[in-house]
Amino acid sequence: ELRMISRFTVSRVAGVANVDQWTKAGIMVRTSLDPGAAHASLFVTPTTVKGIAFQRRRTAGAQSVHTSGPRLTAPVWLKMTVRDGHVRATPGQDP
């Protein structure tokens, strides 16, 4: 479980190479470097076909879950807040 005290991250993705429709750039927070660690990720893909992706694993060893976001591509601002085990992920054109 993402039990960070409080974390706020903002990143501007200027571009993403169109190598594959699932090529991703963005923000990821993890509880550890273990491959099965709990995590939350907010990514932008190279085209609006996949757009923004919010992916997370709530507990270590569980399946990762995907939620499609808006059909945006770079340049885009990505914002993620982690507080008391809850994650808020927000993409947008403004910081």
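Placed above this text is the structure.
These numbers come from a predicted model, not from an experiment. (Residues numbered from 1 in each chain as written. Predicted model: local features only at pLDDT ≥ 70, side-chain atom pairs only at ≥ 80, totals over all residues. Heavy atoms only, no water.)

**Q** Any details on the overall build of the protein chain? Residues and values, ideally.
**A** Across its full length, the protein chain holds zero helices and seven strands. Written out in order from the N terminus, the α and β elements of the protein chain read β-β-β-β-β-β-β. On C-alpha atoms alone, the protein chain measures out to a radius of gyration of 13 Å, which is about the 12 Å that the 2.2 N^0.38 rule sets for 95 residues. For the protein chain, the C-alpha atoms occupy an extent of roughly 30 × 25 × 20 Å along the three principal directions. Sorting the 95 residues of the protein chain into buried and exposed places 33% on the buried side. If you take every contact in the protein chain between residues at least 6 apart in sequence, the share linking residues at least 24 apart comes to 48%. Counting every atom, the protein chain has about 5,700 Å² of accessible surface; 51% of that belongs to carbon and sulfur. Taking the 13 positively charged and 5 negatively charged side chains of the protein chain as two groups, their mean positions are separated by 3 Å. (Helix = DSSP H or I, 4+ residues; strand = E, 2+ residues; numbered from the N terminus. Rg over C-alpha atoms; globule rule 2.2 N^0.38 Å. Buried < 20%, exposed > 50% of the residue type's maximum accessible area, 1.4 Å probe, protein only. Contact = heavy atoms within 4.5 Å. Areas by Shrake-Rupley, 256 points an atom, 1.4 Å probe, with all protein chains shown as cover. Lys, Arg positive; Asp, Glu negative; His and termini not counted. Charge placed at Lys NZ, Arg CZ, Asp CG, Glu CD.)

**Q** Describe the sheet that holds strand E5 (residues 65–68), and please don't skip the residues or the numbers.
**A** Taken in spatial order, the four strands line up as E2-E3-E4-E5 in an open sheet, and their pairing is antiparallel. One side of each edge strand has no neighbouring strand; the edge strands of this open sheet are strand E2 (25–30) and E5. Taken over all neighbouring pairs, the strand axes of this sheet differ in orientation by 10° on average, direction set aside. Pairing of strand E3 (residues 39–44) with strand E4 (residues 52–57), which is carried by six bridges, proceeds in the antiparallel orientation. What sits directly across from Leu42, in E4, is Phe54. (Pairing = 2+ DSSP bridges. Axes fitted to C-alpha atoms, helices over the stretch in contact; angles between N-to-C directions.)

**Q** Account for unusual backbone geometry, with residues named and values stated.
**A** Here the residue pair Ala74 and Pro75 is connected by a cis peptide bond, since its omega of 0° sits within 30 degrees of zero. Mapped onto the fold, Pro75 is located in the loop between E5 and strand E6 (76–83).

**Q** Explain the pairing of strand E7 (residues 86–92) to me, and be specific about the residues and the numbers.
**A** By the bridge criterion, seven bridges tie E6 to E7 in an arrangement that is antiparallel. If you follow Arg83 over to E7, its bridge partner there is His86. Between E6 and E7, which pair antiparallel one after the other, the connecting turn spans two residues, and Asp84 there sits at a positive phi close to 55°.

**Q** Now, about the nonpolar core: what can you tell me, with residues and values included?
**A** Burial of nonpolar side chains together is a common tendency in soluble globular proteins. In this structure, Val13, Leu42, Val44, Ile52, Val76, Leu78 and Met80 are the most contacted members of the largest nonpolar core, which totals 14 residues. Among the elements that line this core, the one with the most residues is E6, at four residues. Sequence-distant contacts of Ile52, that is, excluding residues within four places in its chain, are made with Leu42, Phe43, Val44, Thr67, Ser68, Gly69, Pro70, Leu72, Val76, Leu78 and Pro91. (Core = buried A, V, L, I, M, F, W, Y, C linked by side-chain atoms within 4.5 Å.)

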